[in-house]
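Working through the structure, step by step
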There are 2 protein chains.
Amino acid sequence: MDIKITKPTLLIDKNKCVHNIELMNGKALSSGVKFRPHFKTHQSAVVGKWFRDFGIDAITVSSVTMANYFAENGWNDITVAFPVNIHEIDDINRLAAKINLNIVLLNPESLNYLEKTITSKTGALIKADCGYHRSGIDADHIEKIYSLSNAIVLSTRIEFNGILAHFGNTYSAKNKEEVKEIYETSLSKLKHLCHELKGRSEKLFVSIGDTPSCSVIDEFKGVDEIRPGNFVFYDSMQLSIGSCTQEQIAVALACPVVAKNKERNEIVIYGGAVHLSKDFIEANSTKIFGYIAEPEENGWGEIIENTFVKSLSQEHGIIKASDKFFNKVSVGDVLYILPVHSCLTADLMRQYLTLDGEKIEMMKK
Amino acid sequence: MDIKITKPTLLIDKNKCVHNIELMNGKALSSGVKFRPHFKTHQSAVVGKWFRDFGIDAITVSSVTMANYFAENGWNDITVAFPVNIHEIDDINRLAAKINLNIVLLNPESLNYLEKTITSKTGALIKADCGYHRSGIDADHIEKIYSLSNAIVLSTRIEFNGILAHFGNTYSAKNKEEVKEIYETSLSKLKHLCHELKGRSEKLFVSIGDTPSCSVIDEFKGVDEIRPGNFVFYDSMQLSIGSCTQEQIAVALACPVVAKNKERNEIVIYGGAVHLSKDFIEANSTKIFGYIAEPEENGWGEIIENTFVKSLSQEHGIIKASDKFFNKVSVGDVLYILPVHSCLTADLMRQYLTLDGEKIEMMKK
């Protein structure tokens, strides 16, 4: 790489990203499901274009602010996969007037408010909770979901577009088998719900979408749409779950080495919680805030053995290093950290640098 | 408060901030030590002015980028309390040419590089590690510190300005007594080091500065300067340590309620890891990502009992609520979250809103 790194810089390997998009898009195509990637991971119009090159024209976002940004950048079919926030009704109305907008509903209170205030046709999906227990109506509460869907159907400007679920508990899986297990259990709840609801309505669109499931499962049966987001970059957490290989991790934080401590085999880098985020993975009750990849001529390569980011404060990162790696590293070197959670790292960094030295902007906060 | 909140907003209570500054400044004055507050917490020229009103004219920052920002905003005595990053030599030279700049050294490699490249007189402090084990030369390694200080003294453009320490292990204290214990142990190491070094040099300036110590200790003996930062806002973590009272917490994240789950007494807010950061405190092996304060006519009041933020994902926050609080809250309400780590929350939010509805900008990232 012919890039001069002076401070923490989020590098993006476009080839790896495009390969990740190609794989997931291919899987959606072969399963015959709609691919509506979640853009909260990259938050960038430029990265968005890499998706468009595959013919993708519908996306997911996690906030109305993000929907605004991507709508301004030419996306006109957007699902805001977050329980609708009634305080943003003005933005929702503006957006729904110009694009195909889907919002997420999970309670009659929000629906009642929207019925009185919404001015343009807006799609709504009901969020079903299939075991993750973050948000959504419990998938077993069929009557509650049925009654909310009926209320939506009766409303004038809101169109009932189906059920949305997020099997987010796959993020706590330790391996592919656990991901599959959670996927199957969650899907069977969802299928049961759909079966019960379908008895009463003709069609029922079903959308799911977490990166571990979408990466580990080969064929999506009984769903109409997938919405993974993180897969475009992957990260150390997804690697530990088994969602990706090392080679698929498409972002790395380049960090200058500022000190070494021989007594503890520790390397101090300029790169901390304000760059990587405080998310961690646990292995044998050790907290890991990132792995370190070998530098290569054009990017980064394999993960360095027995070496990891052991702690982060605001701007400091401390790497616990193997003897071999410790001795190889000098003050002033630049190390490549594979983030634990690339969505949060990207959100903090707000800009990417390609391996060709091109800056890629993100949505302004 | 006559402020319309539509999405997560970082509120700042100026009166509480000014009171916190007044207290800490008074303590420094009565101890006869220099007060060089750390500005990494607020990262704002406007908040900086509140310090200047107390006659404070020297500050600490955690990056060269931040030093640039505050130098542009009229601060001309700045210590960058982070191991010097040799890749930023151009910025260091530009800064040192116009302001009184102090950098932190902890290895001969960086010094050797600087000796060849530095163009203006720059002050240097040696970082001593008194038990925190993040960075710095172990305070027991007197010869190593002596030899580095001698090398600095011999250099042409770098001025040896003393020893800098950070007793960051106070952040893991569970109460005031533990803070005092860590402070005393660390200080005695530092005093021993200074005693040994003083035998060989005339004066030795000593700078310390973590918020728990500076909040809990009444009189600073044997040090010349304090550099606390977090105290300007405090937060739920400092409250749990015993560094502050509830009333001193000067920032709160205002978050709209988007859903409620009666089965689990959980409230879903728009406000997640990209707003609060993933830092948490642990109480009885429960992770707490923030407390919730009662809304009051002009700001927020007491912390609500048996209620806390139990988990965060990118944009979602989940509050575990007491029966009483759960029943009081409706979808659409705005809740006031006291962040676990206000430095990281401010860094994520990049803007404050005063209780009078005035926007306060921060340094651009």
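As the structure is a computational prediction, the values presented were derived from the model and not from experiment. (Residues numbered from 1 in each chain as written. Chains lettered and ligands numbered in written order. Predicted model: local features only at pLDDT ≥ 70, side-chain atom pairs only at ≥ 80, totals over all residues.)

1. Overview of the overall build of chain A
The helix and strand inventory of chain A stands at 12 helices and 20 strands. A globule of 365 residues ought to have a C-alpha radius of gyration of about 21 Å, and chain A, at 22 Å, matches this closely. Overall, the C-alpha framework of chain A stretches about 70 × 40 × 35 Å when taken along its three principal axes. The buried share among the 365 residues of chain A stands at 54%. Sequence separation of at least 24 residues holds for 65% of the intrachain contacts in chain A that already meet a minimum separation of 6. (Helix = DSSP H or I, 4+ residues; strand = E, 2+ residues; numbered from the N terminus. Rg over C-alpha atoms; globule rule 2.2 N^0.38 Å. Buried ≥ 20, exposed ≤ 12 C-beta atoms within 10 Å, placed from the backbone. Contact = placed C-beta atoms within 7 Å.)

2. Regarding helix α7 (residues 176–198) of chain A
All names here are of chain A. Over its 23 residues, α7 runs 31 Å from end to end, which matches the ideal 33 Å to within 8%, given 1.5 Å per residue. Of all the positions in α7, only V179, I182, Y183, S186, L187, L190, L193 and C194 are classed as buried. Those residues of α7 that are buried are in contact with β6 (122–129), α6 (142–154), β8 (158–165), β9 (206–208), α8 (211–216) and α9 (236–241). (Expected span 1.5 Å × (residues − 1).)

3. A closer look at the relation of the copies chain A and chain B
In screw terms, the move from chain A to chain B is a rotation of 180° and a rise of 0.0 Å along the axis, fitting with an RMSD of 0.0 Å. Overall, the copies show the geometry of a two-fold rotation axis. Taking the C-alpha atom as reference, chain A places K278 of chain A closest to the rotation axis, 2.7 Å from it. (Least-squares fit on C-alpha atoms with pLDDT ≥ 70 in both.)

4. Focus on the interface of chain A and chain B
Accessible area lost upon the coming together of the parts is a frequently used measure of interface size. With 45 residues of chain A at the interface, the matching set in chain B holds 45 residues. Listing elements by their share of the side of chain A that touches chain B, those giving two or more residues are β4 (77–83), α5 (108–117), β11 (251–261), β12 (266–270), α10 (273–276), β17 (316–320) and α12 (342–349) of chain A. For the side of chain A that touches chain B, the per-class residue count stands at 18 nonpolar, 15 polar and 12 charged. (Nonpolar A, V, L, I, M, F, W, Y, C, P; charged D, E, K, R; others polar.)

5. A closer look at the packing of helix α1 (residues 14–31) of chain B against helix α2 (residues 45–52) of chain B
Residue and element names in this part refer to chain B. It is at 10 Å that the axes of α1 and α2 come closest, and there the two elements cross at 45°. Between α1 and α2, the crossing angle belongs to the class labelled oblique. Where α1 crosses over α2, the handedness of that crossing is right-handed. Every residue of α2 that contacts α1 at C17, V18 and I21 is listed here: V47, W50 and F51. Residues that form the contact of α1 with α2 fall into these classes: six nonpolar, no polar and no charged. (Axes fitted to C-alpha atoms, helices over the stretch in contact; angles between N-to-C directions. Parallel < 35°, antiparallel > 145°, perpendicular 65-115°, else oblique. Left-handed = near helix turned anticlockwise from the far one by under 90°.)

6. With respect to α5 of chain A
Residues and elements named next belong to chain A. Where α5 is concerned, the buried positions are S110, L111 and L114. Burial along α5 is one-sided: seen end-on, the buried residues are contained in an arc of 100°. Looking at the packing, one finds that the buried side of α5 touches β5 (100–105), α6 and β8. (Arc of directions from axis to C-beta.)

7. Thoughts on the pairing of strand β1 (residues 9–12) of chain A
Residues and elements named next belong to chain A. On β1, burial covers both faces: T9 and L11 on one face and L10 and I12 on the other are all buried. Here four bridges tie β1 to β11, and the two strands are oriented antiparallel to one another. Residue L11 lies in a different strand from β11, and its bridge partner there is A252. Relative to strand β19 (residues 351–354), β1 runs parallel, the two sharing two bridges. Bridge pairing links I12 to T354 in β19. (Pairing = 2+ DSSP bridges.)

8. A few points about the domain arrangement of chain A
All names here are of chain A. Taken domain by domain, chain A holds domain 1 (14–232) and domain 2 (245–361). For domain 1 versus domain 2, the distance between C-alpha centres works out to 32 Å. If you list the elements that add at least two residues to the side of domain 1 that touches domain 2, you get α1 (14–31) and α2 (45–52). In terms of residues, the side of domain 1 that touches domain 2 owes the most to one element, α1, which gives four residues. (Domains from an automatic or database assignment.)

9. With respect to the pairing of strand β15 (residues 290–296) of chain A
Residue and element names in this part refer to chain A. Bridge count between β15 and strand β18 (residues 334–339): four bridges; the pairing is antiparallel. Bridge assignment links Y291 to a residue of β18, and that residue is L338. Hairpin remark: β15 followed by strand β16 (residues 299–312), antiparallel, with two residues in the connecting loop.

10. Some remarks on the environment of D77 of chain B
Among the structural elements, D77 of chain B can be located in strand β4 (residues 77–83). Along the primary structure D77 of chain B and A58 of chain B are separated by 19 residues, whereas in three dimensions their C-alpha atoms are 4.8 Å apart.

11. A look at unusual backbone geometry
Residues and elements named next belong to chain B. The backbone of Q43 sits at a positive phi, close to 50°, despite the residue not being glycine. Following the sequence through the fold, Q43 ends up in the loop between β2 (34–35) and α2. Its identity as a non-glycine residue notwithstanding, H133 has a phi of 60°, on the positive side. Assignment of secondary structure puts H133 in the loop between β6 (122–129) and β7 (137–138).

12. So, the environment of N261 of chain A
The residue N261 of chain A is located in strand β11 in this model. As for N261 of chain A and Q43 of chain A, which are separated by 218 residues in sequence, their C-alpha atoms are 37 Å apart.

13. With respect to the confidence of the model for chain A
In the predicted model, chain A carries a mean pLDDT of 96, and the fraction of residues at 70 or more is 99%. Reported for the predicted complex are a pTM of 0.97 and an ipTM of 0.97. (pLDDT = per-residue confidence, 0-100.)

14. Quick word on the environment of L101 of chain A
All names here are of chain A. Note that L101 resides in strand β5. Residue L101 is classed as buried on the basis of its C-beta count, with 24 C-beta atoms lying within 10 Å. Separated by 54 residues in sequence, L101 and V47 have C-alpha atoms that sit 21 Å apart. Not counting residues within four places of it along the chain, the set of residues in contact with L101 comprises A67, I78, L95, A96, T122 and G123.

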